[in-house]
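Listed below, chain by chain, are the residues.
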Amino acid sequence: MPWKEATVVSEREELVRKFESGHYSVTELAEQFGVSHPTVYLWLRLYEAEGLGALVSRRPVPKSCPHKTSPAAPRRRDR
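In this text the structure is predicted, and so the values were computed from the model without any measurement.

A. Structural detail: the environment of Ala54. Topologically, Ala54 is positioned in the segment after helix 3 (37-50). The class for Ala54 is buried, based on a relative accessible area of 3%. Residue contacts for Ala54: discarding those within four places in its chain leaves Leu46 and Tyr47.

Right, here's the structure in full:
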């Protein structure tokens, strides 16, 4: 019997489906999938808000960049 190939997204989809079945608690799912409670709640919120497409891994995006030059600052002219 071949191994079941699993991706991050397929694992998250399985977690959501198991939760929606009503047979598993957040605690059980967190233990089964090896993630924290807040992570389970995050994936459930994302799924509820945006559907299965929201379960794709996202790169963290900074909320600010303090060392970035302000767009209002005068531009330096090329010589």
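B. Geometry of the side chain of Arg12. Within the secondary structure layout, Arg12 lies in helix 1 (residues 8-21). In this structure, Arg12 is in contact with Trp43, Leu55, Val56 and Ser57, ignoring residues within four places of it in sequence.

C. Region of interest: the packing of helix 1 against helix 2 (residues 26-33). Viewed as axis vectors pointing N to C, helix 1 and helix 2 meet at an angle of 155°, and their least axial separation amounts to 10 Å. One way to sum up the angle between helix 1 and helix 2 is to call them roughly antiparallel. When the axes of helix 1 and helix 2 are compared, the crossing they make is right-handed. For the pair helix 1 and helix 2, contact is made by Glu11, Glu14, Leu15, Lys18 and Phe19 and by Val26, Leu29, Gln32 and Phe33, respectively. When its residues are assigned to classes, the contact of helix 1 with helix 2 shows five nonpolar, one polar and three charged.

Thresholds, definitions, all that
- Residues numbered from 1 in each chain as written.
- Predicted model: local features only at pLDDT ≥ 70, side-chain atom pairs only at ≥ 80, totals over all residues.
- Heavy atoms only, no water.
- Helix = DSSP H or I, 4+ residues; strand = E, 2+ residues; numbered from the N terminus.
- Buried < 20%, exposed > 50% of the residue type's maximum accessible area, 1.4 Å probe, protein only.
- Contact = heavy atoms within 4.5 Å.
- Axes fitted to C-alpha atoms, helices over the stretch in contact; angles between N-to-C directions.
- Parallel < 35°, antiparallel > 145°, perpendicular 65-115°, else oblique.
- Left-handed = near helix turned anticlockwise from the far one by under 90°.
- Nonpolar A, V, L, I, M, F, W, Y, C, P; charged D, E, K, R; others polar.

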